[in-house]
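Structural overview
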Amino acid sequence: MSTRSAALLLLGILMLCQSARVPAQSRASSATTRPRDLLAELKPLPNDLARYKYLLTTMPAGGNTTARQLLASVEDQLGLYDGAIAAFPFDNRIVPPPKIPLPTAIDWRAENAVAAIAAQANRHRIVMINEAHHDAHTRELTLLLLPKLYAEGFRYLAIEALGSNDPGLMKRGYAINGSGSEYLHEPVYGEIVRQAIRIGYTLVPYDSDAPTASGREAGQARNIYRQVFAKDPRAKLLVHAGYAHVDKAPATSVTTYSRWPCNLPDWPASSR
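This report concerns the structure included in the present document. (Residues numbered from 1 in each chain as written. Predicted model: local features only at pLDDT ≥ 70, side-chain atom pairs only at ≥ 80, totals over all residues. Heavy atoms only, no water.)

Details of the packing of aromatic side chains
Taken as a whole, this structure holds 1 aromatic pair when the rule is applied. One Lys or Arg, R155, reaches over the ring of Y150 and ends 3.7 Å from the middle of that ring. Note that R172 overlies the ring of Y174, its terminal NZ or CZ placed 5.8 Å from the centroid. (Phe/Tyr/Trp six-rings, centres within 6.5 Å; stacked < 30°, edge-to-face > 60°. Lys NZ or Arg CZ within 6 Å of the ring centre and 35° of its normal.)

Rendered as C-alpha cells:
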C-alpha cells in the first residue's frame, strides 16, 4: 500500500469514528439539559437525613431555585437553621415606589406582634399568618397566637402542611409521618400541631393537589369553606399558610386563595 493510500485510509477511519461519536454526544447533551424532577427523586428516600445527604451529593453546582429551596427546607427540618437561611436567602419584601415616602419613627412605633394581632382579632373572623417553609422562626408567631386567639373565640386552625389521611391525629395529639408534608417534621411546626390540639382547636387540612397554581389556590379556598364555614357559618378561623398564599394583592397573575373567598357564598365579610 502506498503512503498516500495509507493516509487516505487512516483519514477515513478517523472520520468514521468521529461520526459515530456525534450522536452519542448529542444524546448526552440532551440528557444533561433535561429538567430534573427533584421532588420525585426525593420521594422514595426514607427520612430527612437521607434527603439531606442526597441533595448535597447530587445538586448541581450553585443549584437552581427549586434545588436550593428543597435543601433549605430539609436543613430546617433537621434543625440546621443557619444553614437553611444560607442555602436559600429568600426575600420577598416589596420595594415601595420612589414617590411613596418611607415611614419615620415619628409616624410609626414598634409593637409586639402577638399583642397587636390579638387586640384586633375580636373584630375579625379570619386571621391569616404566613411562613417561609425553610425558616422555623416564621412559625413562632402562630405558636404564640394560639392561646390568645382561642380566648377571642377562634376554634379552627387551618394548616397548609396537614394532609387528610390521618383520622387519628386529634385523638393522638401530635403529628406523625403520615400526617402531612415533611414540613411537619420541624420541631416548631410539630409544636404548633400539639399545642393547638391541647388548647382545643379543630385542625383543618386544606391543601389541594390541583395541577396548576390557580387551581390549587381555588381548591384551597373551597376546602376551607367546606370544612369550616359551610358547617359552622359563625366560625372564627386562624390560617397558617406558606409564602404568598395569604396575599390579597398577588404579584403574579395567580389569584391567591385569600382572594377566592370573595366568590364563595357565606364567607365572612370581614375577610374581604
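On we go.
Overview of the sheet that holds strand β3 (residues 202–205)
With respect to topology, 4 strands assemble into an open sheet ordered β1-β4-β2-β3, the strand pairing being parallel. Each edge of the open sheet carries a strand with a single partner, namely β1 (126–131) and β3. Ignoring strand direction, the axes of neighbouring strands in this sheet form an average angle of 20°. The sheet contact formed by strand β2 (residues 156–159) and β3 spans 4 bridges and is parallel. Residue Y156 lies in a different strand from β3, and its bridge partner there is T202. (Pairing = 2+ DSSP bridges. Helix = DSSP H or I, 4+ residues; strand = E, 2+ residues; numbered from the N terminus. Axes fitted to C-alpha atoms, helices over the stretch in contact; angles between N-to-C directions.)

Quick word on the pattern of salt bridges
Think of it this way: side chains of opposite charge can pair up when their charged atoms draw near. Within this structure, the stated rule accounts for 9 salt bridges. A single network of salt bridges, built from pairs that share partners, joins D76, E131, R139 and E186. (Salt bridge = Lys/Arg side-chain N within 4 Å of Asp/Glu carboxyl O.)

Here's the deal with helix α4 (residues 65–77)
Under the 1.5 Å per step criterion, the end-to-end length of α4 is 18 Å for 13 residues, consistent within 8% with the ideal 18 Å. The set of residues buried in α4 consists of A67, L70, L71, A72, S73, V74, E75, D76 and Q77. Tucked into the core, α4 has its buried residues touching α2 (38–42), α3 (48–58), α5 (81–87) and α9 (187–199). One side-chain oxygen of the residue at the start of α4 lies 3.2 Å from the amide nitrogen of T66, identifying that residue as N64. Just past α4, the residue G79 takes up positive phi, approximately 85°. (Expected span 1.5 Å × (residues − 1). Buried < 20%, exposed > 50% of the residue type's maximum accessible area, 1.4 Å probe, protein only. Contact = heavy atoms within 4.5 Å. Polar contact = N/O pair within 3.5 Å; in protein donor to acceptor, adjacent residues only side chain to side chain.)

What to know about the environment of F154
Mapped onto the fold, F154 is located in the loop between α7 (140–151) and β2. Here the alpha-carbon distance between F154 and G200, two residues 46 residues apart in the chain, equals 9.8 Å. Excluding its chain neighbours within four sequence positions, the residues that come into contact with F154 are A121, H124, R125, I126, V127, L149, Y201, K236, L237 and L238.

Observations concerning the nonpolar core
Of all hydrophobic cores here, the largest spans 22 residues; its most connected members are L149, L157, I159, Y201 and L203. When contributions to this core are tallied by element, the ones reaching two or more residues are α6 (113–121), β1, α7, β2 and α9. At 5 residues, α9 tops the list of elements feeding residues into this core. Aside from chain neighbours lying at most four places away, what touches I159 is Y189, I192, V193, L203, V204, P205, Y206 and H240. (Core = buried A, V, L, I, M, F, W, Y, C linked by side-chain atoms within 4.5 Å.)

Observations concerning the packing of α7 against α9
For the pair α7 and α9, the least separation of the axes is 9 Å and the interaxial angle reads 5°. The pairing of α7 with α9 is recorded here as roughly parallel in orientation. Contacts between α7 and α9 involve E140, T142, L143, L146, P147 and Y150 from the former and V188, E191, I192, Q195, A196 and I199 from the latter. Of the residues assigned to the contact of α7 with α9, the class counts are 8 nonpolar, 2 polar and 2 charged. (Parallel < 35°, antiparallel > 145°, perpendicular 65-115°, else oblique. Nonpolar A, V, L, I, M, F, W, Y, C, P; charged D, E, K, R; others polar.)

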